[in-house]
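Per-entry structural report
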Amino acid sequence: MRTAYRTGDARVLRDVAAIGAAMLAVGASFGAVAVAAGLPAWATLAMSAFVYAGGAQFMAVGLVVAGSPLAAVLAGLLLNARHLPFGLALGGALGSRRAQRLLGSHLMTDEATAFALARPAGPERRRAFWLAGVLLFLAWNAGTALGVLAGGAAGDPAALGLDAAFPAGLAALLLPSLRDRETRRVALVGAGLAVLATPLLPAGLPVLLALAALALPLLARRRPPAAPSETADEAPDRRSVRAGEVSC
Amino acid sequence: MLIAVILALAAGTYGFRVAGVLLRDRLDLPEWARHLLPVGAATLLAALAATAALTEAGGFAGYARPAGVLVGLLLAWRRAPFVLVVVAAAATTAVLRLLGVA
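Residues numbered from 1 in each chain as written. Chains lettered and ligands numbered in written order. Predicted model: local features only at pLDDT ≥ 70, side-chain atom pairs only at ≥ 80, totals over all residues. Heavy atoms only, no water.

Scanning chain B from N- to C-terminus turns up four helices and two strands. The N-to-C order of helical and strand elements in chain B reads α-α-β-β-α-α. The C-alpha radius of gyration computed for chain B amounts to 19 Å, which surpasses the reference 13 Å derived for 102 residues by more than 25%, pointing to a less compact arrangement than a globule. Expressed along its principal axes, the backbone C-alpha trace of chain B runs to roughly 55 × 45 × 25 Å. Just so you have it, chain B exposes about 5100 Å², and 72% of that area is on carbon and sulfur atoms. Averaging the positions of the 8 positive and the 4 negative side-chain charges in chain B gives two centres separated by 12 Å. (Helix = DSSP H or I, 4+ residues; strand = E, 2+ residues; numbered from the N terminus. Rg over C-alpha atoms; globule rule 2.2 N^0.38 Å. Areas by Shrake-Rupley, 256 points an atom, 1.4 Å probe, with all protein chains shown as cover. Lys, Arg positive; Asp, Glu negative; His and termini not counted. Charge placed at Lys NZ, Arg CZ, Asp CG, Glu CD.)

Right, dumping it as structure tokens:
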């Protein structure tokens, strides 16, 4: 049992290291971009340490430099609202003690969540969360510091194809859970909704809109098992919010 | 002003993160709802992966990135090691860009 745990942990460690390397490079590009945009070094470092959310950080730098600090906060928070359902799903995976939950919450990212949920619930999932959480936090902040120091010398993550590495990594972590028929159906419908809504809604909302696909199993459940019909006509209230001038 | 932006973003983001975790303890969810939580998280992650693979600033991300993600996805499907999935996705996109594919 112990060795089984250890090999499992070693695998998670190796997998996290791959994403960590990509995060180091993207963190460096954040540091370089923020300093080049005129942000002081301390603010750039503080953002990575205390906000610790890549997409929101890039967006906030852009909007602050453009002179809209309020938009920077609102757009960043909209982008990060998805962490609430992540926390609901992770729950006890952070640990049983209050201190673990309070500290672990700060380490919650898309990737740490995906690594944790890819492991069976229990001690294995908890170790995966903390391993990914701590390593990725260190990678992101070390990357930011390197970028601040290197300035323009920090390479372009797009030239390295790193923008493809993150979605591919997330998808690979998700694949096993998609073997469940219900999860697969809801996830694919939700992802489709999010992609279709992306040109129409401000960043952050399309991903939240994907949760409307949860109506599929809810409706199926309300209807007794007699008729397996699933008329998913649940119109996710599609208020036409004007697309914000946000970019990632 | 800058410090206020950072503090507000940090506090709000942490608030979202910690709210879900602490709420989970307080909520006495029925079995079917508890069952839906991981389904919801998987749906969010799938939506993130799909939008990150296909879109950039509200538009199409170009062909190089989805092509790389597709290569990674096929490798993952064939149960290739995770590291290979990530590296192959990035390398495919990088080579395509080197060849001039947007």
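Text resumes after the structure shown.
Moving on: the interface of chain A and chain B. The figure often quoted for interface size is the accessible area lost as the parts come together. Counting residues at the interface gives 82 residues for chain A and 65 residues for chain B. For the pair chain A and chain B, the summed buried surface comes to about 6200 Å²; carbon and sulfur atoms form 78% of the total. Our enumeration of links across chain A and chain B arrives at three salt bridges. Between Arg97(B) and Asp163(A) there is a salt bridge, with the nearest N and O atoms lying 2.7 Å from each other. (Contact = heavy atoms within 4.5 Å. Buried area = accessible area lost by both parts, 1.4 Å probe. Salt bridge = Lys/Arg side-chain N within 4 Å of Asp/Glu carboxyl O.)

Turning to the domain arrangement of chain B, a few remarks are in order. All names here are of chain B. What the domain assignment lists for chain B is domain 1 (1-55) and domain 2 (61-101). Distance from the C-alpha centre of domain 1 to the C-alpha centre of domain 2: 28 Å. Contact with domain 1, which involves four residues of that partner, is made by four residues of domain 2. Of the roughly 310 Å² buried at the junction of domain 1 and domain 2 (both faces included), carbon and sulfur atoms supply 52%. (Domains from an automatic or database assignment.)

Before going further, it helps to examine the UniProt feature "transmembrane region" (unreviewed entry) in chain A. Residue and element names in this part refer to chain A. Per the UniProt record, "transmembrane region" (unreviewed entry) is annotated on residues 12-38, 58-79, 128-152, 158-175 and 187-220. What you have in residues 58-79 is 86% helix and 0% strand, and the ends, taken at the C-alpha atoms, are 11 Å apart. Helix makes up 72% of residues 158-175 and strand 0%, with an end-to-end C-alpha separation of 25 Å. (UniProt positions renumbered as here; feature names shortened; annotations may be inferred.)

To continue, consider helix α10 (residues 181-197) of chain A. With 17 residues, α10(A) ought to run about 24 Å at 1.5 Å a step, and its terminal C-alpha atoms sit 24 Å apart, in line with that. Here α10(A) has its buried residues at Thr183(A), Val186(A), Ala187(A), Gly190(A), Ala191(A), Leu193(A), Ala194(A) and Ala197(A). The buried residues of α10(A) occupy an angular sector of 160° when the element is viewed end-on, so they sit on one face. Exposed residues pointing more than 90 degrees away from the buried face of α10(A) are listed as Arg181(A), Leu188(A) and Leu196(A). The secondary structure elements touched by the buried residues of α10(A) are α11 (205-209) and α12 (215-222) of chain A together with α2 (31-54) of chain B. (Expected span 1.5 Å × (residues − 1). Buried < 20%, exposed > 50% of the residue type's maximum accessible area, 1.4 Å probe, protein only. Arc of directions from axis to C-beta.)

All right, on to the nonpolar core then. Membership of the largest hydrophobic core comes to 84 residues, with the highest contact counts inside it found for Ile19(A) and Met23(A). It is α2(B) that contributes the most residues to this core, eleven residues altogether. Membership of the second largest hydrophobic core comes to five residues, among which are Val186(A), Ala213(A), Leu214(A) and Leu36(B). (Core = buried A, V, L, I, M, F, W, Y, C linked by side-chain atoms within 4.5 Å.)

The final tally for this structure, using the stated rule, is six aromatic pairs over all chains. An angle of 85° between the planes, with centres 5.3 Å apart, marks the rings of Phe30(A) and Phe58(A) as edge-to-face. One end of the pair, Phe30(A), is in helix α1 (residues 2-36); the other, Phe58(A), is in helix α3 (residues 54-65), and 28 residues separate them in sequence. On the numbers, 5.1 Å between centres and 75° between planes, the contact of Phe60(B) with Tyr63(B) is edge-to-face. Linked through ring pairs, Phe30(A), Phe58(A) and Trp140(A) together constitute an aromatic cluster. (Phe/Tyr/Trp six-rings, centres within 6.5 Å; stacked < 30°, edge-to-face > 60°.)

Now for the UniProt feature "transmembrane region" (unreviewed entry) in chain B. All names here are of chain B. Mapped onto this numbering, the UniProt entry gives "transmembrane region" (unreviewed entry) at residues 39-61 and 82-100. Here residues 39-61 runs as 70% helix and 17% strand, with 27 Å between its end C-alpha atoms. Regarding residues 82-100, the helix share stands at 89% and the strand share at 0%, and the terminal C-alpha atoms are separated by 28 Å.

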